[in-house]
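Here are the chains, one letter per residue:
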Amino acid sequence: MKLYQFIAQRLLLLIPVLFGISLLTFTISHLVPADPARLLAGPEAKADAVEAIRKKWGFDRPVYERYLLYMAGVLRGDLGISISTRHPVSQDLRERIPATAELGLAALLIMVLLGVPLGVTAAVKKDAALDHGCRLGALAGVSMPAFWLALLFQLFFFKSLGWFPAGGRLDQSLEPPTHITGMYVLDSLLTGNMTTLANAWWHLAMPATVLSLAGLASVTRMGRASMLEVLTKDYINAARAKGLPERAVIYRHALKNALIPVVTVVSMWLGGILGGSFVVELVFYWPGVGYYGTSGILTADYTAIMGVSLLLTVTYVVANLLADIAYMFIDPRIRYA
Amino acid sequence: MTASKGDLDRQGNTEAGVAPPAKAQGAMTVWLGEHQPGIREMKHSLRLIRRNHLTVAGLAIFAVLILVAIFAPLIERYDPYDVKMRERLRPPSLEHLAGTDAMGRDVFSRVIHGSRITLRVGFLVLLSTSLIGVPLGAISGYMGGRTDALIMRVGDIFLAFPRLVLALAMAAALGGGINNAIIAIAIPGWPWYARLIRGMTLSIREEQYIEAARAAGSPEWRVLLRHVLPNCIGPWMVQASMDMGWAIMSAAMLGFLGVGATPPEAEWGLMVAEGRNYLLDQWWMSVFPGVAIFITVLGYNLMGDGLRDIIDPRMRQR
């Protein structure tokens, strides 16, 4: 199958899934017992003012009509008005996406750049103690609640050692860099502002580490397991038999084949990062989508919750699609199958 | 209804006039003989479990959790809900092993008491996901065709969500409370079970003993219930024990975010959240409940991981 054919087919399959996601999200947010018109009008509003809002936003229409209205809005990029901030949800999200993207990408990078080499090393130096250590470490990493780990990090690295700040994206005294991508690390790098760059990194380090830890543990373990399996294959024997140095055998022949299941784990853990961003952003005062979602949850702001879950889920679905495409680049056997 | 081999044998023995004790022994021998492969398999599994220290550790943690939950009132040194404002924010000491919280309640007693809530959450989530997922998966695999396609496509939509995000959105919509949290955690989980059981059913369906059962005239539902589902128990156990850890962690997270358990419940996630404002000076309020969550989830994960090695024969050879 050609690559573009494959992508086109996957995109087509995406349509019913996206439709289902929107339907499910809409249903969930309409389980909220509160009257949205009253919430939007505020506690002091008169009855006719509430009625006016009900009419204006179409809350008086039947449910299926409201769904169609909502979907028509979504397709235009309109996700409704947030009850707590009173801004359009899409605008709120747009302001907060860069912060979450910065944090999520950093966590993803830690997961891959640290997890894969760790896993490979553990596989190459196979021995029983390391074996058990790897297994226990991975399971412990997965079992650690992110919100608690975040608090422990604050306690240890902020209070006791004073190495890292308790939260936020930058020191109060610093101006955010010129807005290009909205990701402070990238923007300050692009504008050559080294003080801000260092400060942004310094703030990013703790939340990104906490967010990546569970995934890092899984990636390491999967990387190790899959490397061990690949190393028993005939083509590895063949590579060794023709006299290749061990480094070439490992990095050129084994690693690429071992990476396929790792890509699956990474794309699965992206869901963990997106879900984990709620608590991690809350604890580290990171003003991103997760923080917005948490405030939405606390204020029963159902348009905000709907917007956040829609955004995160679509991100997850698209990332999984990208992972499927990545397979075809890594593994020609899938491409020609 | 057909009588099992054991029944037939017992009847045969009575006709031959064998004394009652020997009859029981005879039946026992027959039962043993009949189940010999199963027993050998079980013994082999037990040996594998014993050989793997991490699995034993997981089982031990699980056992301790159950014991603590059962005997909680005996272990607790104070009433976990007793507010004593004069004793608030005491650091850990011999009197209060894990200190007291902002309302003067004994943190150690609350953590112990929380094991009951945690076990209940884990069990109810498991029960509800299985009650939805297992029948749907079995029907899907056994019937095939359009029913299968429909169930699986609906499942795909649930699976498209990051699991935690869906649970959070549902909990927020249902409006908090531990029972709503259980529903919110259970619902995103069913497609995992449906998929697992469907896969198992698909392969079991082709076995000869299924054909034999059908040829003997068993109705379809009976074949499914008596012959297909019992063979799915192993993989279900692996999934279930991994899932319990996940469920407990999610419930704690919902409690932490304020859409799970409600104050004054001694739920671990909620306790971590309540201690958060005092973290820097009275660290014990958040740290100890968190340790409890960590150890419990770790126990389930160790157990599930070990069980997978034992139940999945492909993993065994390594």
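Residues numbered from 1 in each chain as written. Chains lettered and ligands numbered in written order. Predicted model: local features only at pLDDT ≥ 70, side-chain atom pairs only at ≥ 80, totals over all residues. Heavy atoms only, no water.

Re the overall build of chain B
We count it as follows: The helix count covers DSSP runs of H or I at least four residues long, the strand count covers runs of E at least two residues long, and both are numbered beginning at the N terminus. Each residue is assigned to one of three classes by its accessible area relative to the maximum for its type, calculated with a 1.4 Å probe on protein chains only: buried under 20%, partly exposed between the two thresholds, exposed over 50%. Whether two residues are in contact is decided by their heavy atoms: any pair within 4.5 Å suffices. Note on areas: Shrake-Rupley, 1.4 Å probe, and residue coverage restricted to the protein chains presented here.
Within chain B, the secondary structure is distributed over 16 helices and 0 strands. Evaluated residue by residue, chain B yields a buried proportion of 48% over its 318 residues. Here the analysis covers contacts within chain B between residues at least 6 apart in sequence; of these, 68% occur between residues at least 24 apart. Summed over all atoms, the accessible surface of chain B reaches about 15,800 Å², with 64% contributed by carbon and sulfur.

A few points about helix 11 (residues 246-283) of chain A
Put simply, the rule reads: Expected span of a helix: the number of residues minus one, times 1.5 Å.
Helix length check: helix 11 of chain A, at 38 residues, gives a terminal C-alpha distance of 45 Å against a target of 56 Å (1.5 Å per residue), a shortfall beyond 12%. Following helix 11 of chain A by one or two positions, Tyr-285 of chain A adopts a phi angle in the positive range, close to 45°.

Quick look at unusual backbone geometry
The linkage connecting Pro-263 of chain B with the following residue, Pro-264 of chain B, adopts the cis geometry, with an omega of 5°. In this structure, Tyr-285 of chain A takes a positive phi of about 45° despite not being glycine. Mapping Tyr-285 of chain A onto the fold places it in the loop between helix 11 and helix 12 (289-298). One non-glycine residue with positive phi stands out, namely Leu-89 of chain B, at about 55°. Topologically, Leu-89 of chain B is positioned in the loop between helix 5 (72-75) and helix 6 (107-143).

Quick notes on the pattern of salt bridges
Residues and elements named next belong to chain B. Keep this limit in mind: Salt-bridge detection follows one rule: a side-chain nitrogen of Lys or Arg within 4 Å of a carboxyl oxygen of Asp or Glu.
A full pass over the atoms with the stated rule returns 20 salt bridges over all chains. We note a salt bridge from Arg-105 to Glu-274, for which the minimum N-O separation is 3.9 Å. Pair noted here: Arg-105 is in the loop between helix 5 and helix 6 and Glu-274 is in helix 14 (residues 268-276), with a separation of 169 residues, a long-range link. We classify Glu-274 as partly exposed; its relative accessible area is 25%. A salt bridge links Glu-220 to Arg-214; the nearest nitrogen and oxygen atoms lie 3.3 Å apart. One network of salt bridges, in which partners are shared, links Asp-101, Arg-105, Arg-110 and Glu-274.

Observations concerning helix 10 (residues 190-205) of chain B
Residue and element names in this part refer to chain B. This is how it is decided: The arc in question is the one traced by the directions running from the helix axis out to the C-beta atoms.
The first and last C-alpha atoms of helix 10 sit 22 Å apart over 16 residues, in line with the 22 Å expected at 1.5 Å per residue. Among the residues of helix 10, those classed as buried are Trp-190, Pro-191, Tyr-193, Ala-194, Ile-197, Thr-201 and Ile-204. The buried residues of helix 10 occupy an angular sector of 155° when the element is viewed end-on, so they sit on one face. Against the buried residues of helix 10 lie helix 6, helix 7 (145-160), helix 9 (178-186), helix 11 (208-215), helix 12 (220-228) and helix 13 (233-257).

Topic: the domain arrangement of chain B
All names here are of chain B. Put simply, the rule is: Bear in mind that the domain bounds are from an automatic or database domain assignment. Whenever a nitrogen or oxygen atom comes within 3.5 Å of another N or O atom, the pair is scored as a polar contact, on the condition that within protein one atom can donate a hydrogen and the other can accept it, and that pairs from neighbouring residues in sequence are kept only if both atoms are in side chains. Throughout, the ten residues Ala, Val, Leu, Ile, Met, Phe, Trp, Tyr, Cys and Pro are labelled nonpolar, Asp, Glu, Lys and Arg are labelled charged, and all others, Gly among them, are labelled polar.
As assigned here, chain B comprises domain 1 (21-51) and domain 2 (54-316). With centres defined by C-alpha atoms, the gap from domain 1 to domain 2 works out at 32 Å. Each side of the interface is counted separately: domain 1 has 6 residues, and domain 2 has 5 residues. Linking domain 1 with domain 2 are 0 salt bridges, by the criterion used here. Seen at the junction of domain 1 and domain 2, the total is 0 residue pairs in polar contact (both at pLDDT 80 or more). Grouping the amino acids of the side of domain 1 that touches domain 2 by side-chain chemistry returns 2 nonpolar, 2 polar and 2 charged.

Points about the packing of aromatic side chains
How two aromatic rings sit relative to each other is given by the distance of their centres and the angle of their planes. Residues and elements named next belong to chain B. Put simply, the rule reads: Centres within 6.5 Å make a pair out of two Phe, Tyr or Trp rings, where for Trp the six-membered ring is used; the pair is then stacked when the planes are under 30 degrees apart, edge-to-face when over 60, and tilted otherwise.
For the structure on display, the rule yields 13 aromatic pairs over all chains. Ring geometry for Phe-158 against Trp-190: centres 5.5 Å apart, planes inclined by 65°, an arrangement best described as edge-to-face. Here Phe-158 is found in helix 7, whereas its partner Trp-190 is found in helix 10, with 32 residues between them in sequence. The class for Trp-190 is buried, based on a relative accessible area of 7%. For the pair Trp-283 and Phe-288, a centre-to-centre distance of 5.8 Å together with 45° between the ring planes defines the contact as tilted. A residue is classified by how much of its surface remains accessible, and Phe-288, at 27% relative accessible area, is partly exposed.

Observations regarding the packing of helix 4 (residues 53-70) of chain B against helix 6 of chain B
Residue and element names in this part refer to chain B. What counts is decided by this rule: For helices, the fitted axis covers only the stretch in contact; all axes are lines through C-alpha atoms, and the angles between them, taken along N-to-C directions, range from 0 to 180 degrees. Put simply, angles under 35 degrees are roughly parallel, angles over 145 are roughly antiparallel, angles from 65 to 115 are roughly perpendicular, and the rest are oblique. Definitions for this section: a left-handed crossing has its near helix turned counterclockwise from the far helix by less than a right angle. A right-handed crossing has that turn clockwise.
Axis separation between helix 4 and helix 6 bottoms out at 8 Å; the angle between their running directions is 110°. Of the possible angle classes, the one that applies to helix 4 and helix 6 is roughly perpendicular. The chirality of how helix 4 crosses helix 6 is left-handed. In this structure, helix 4 uses Leu-65, Ile-66, Val-68, Ala-69 and Ile-70 to contact helix 6, whose residues at the interface are Ile-112, Ser-115, Arg-116 and Leu-119.

Quick look at the domain arrangement of chain A
Residue and element names in this part refer to chain A. What counts, and what does not: Buried area counts how much accessible surface, traced with a 1.4 Å probe, disappears from two parts once they are put together, with both parts' losses summed.
When cut into domains, chain A gives domain 1 (18-75) and domain 2 (91-330). Inter-centroid distance (C-alpha atoms) of domain 1 to domain 2 is 36 Å. Taken together, the 13 residues of domain 1 in the interface contact 9 residues of domain 2. In total, about 920 Å² of surface goes out of reach between domain 1 and domain 2, with carbon and sulfur atoms giving 83% of it. It is Ile-21, Thr-25 and Tyr-70 in domain 1 that bury the most area against domain 2; as a group they hold 43% of the surface buried on that side. Remark: the boundary between domain 1 and domain 2 carries 0 residue pairs in polar contact (both at pLDDT 80 or more). The set of elements that each furnish at least two residues to the side of domain 1 that touches domain 2 consists of helix 1 (3-29), helix 2 (36-41) and helix 4 (63-75). The element that contributes the greatest number of residues to the side of domain 1 that touches domain 2 is helix 1, accounting for 6 residues. Its residues assigned to classes, the side of domain 1 that touches domain 2 shows 9 nonpolar, 4 polar and no charged.

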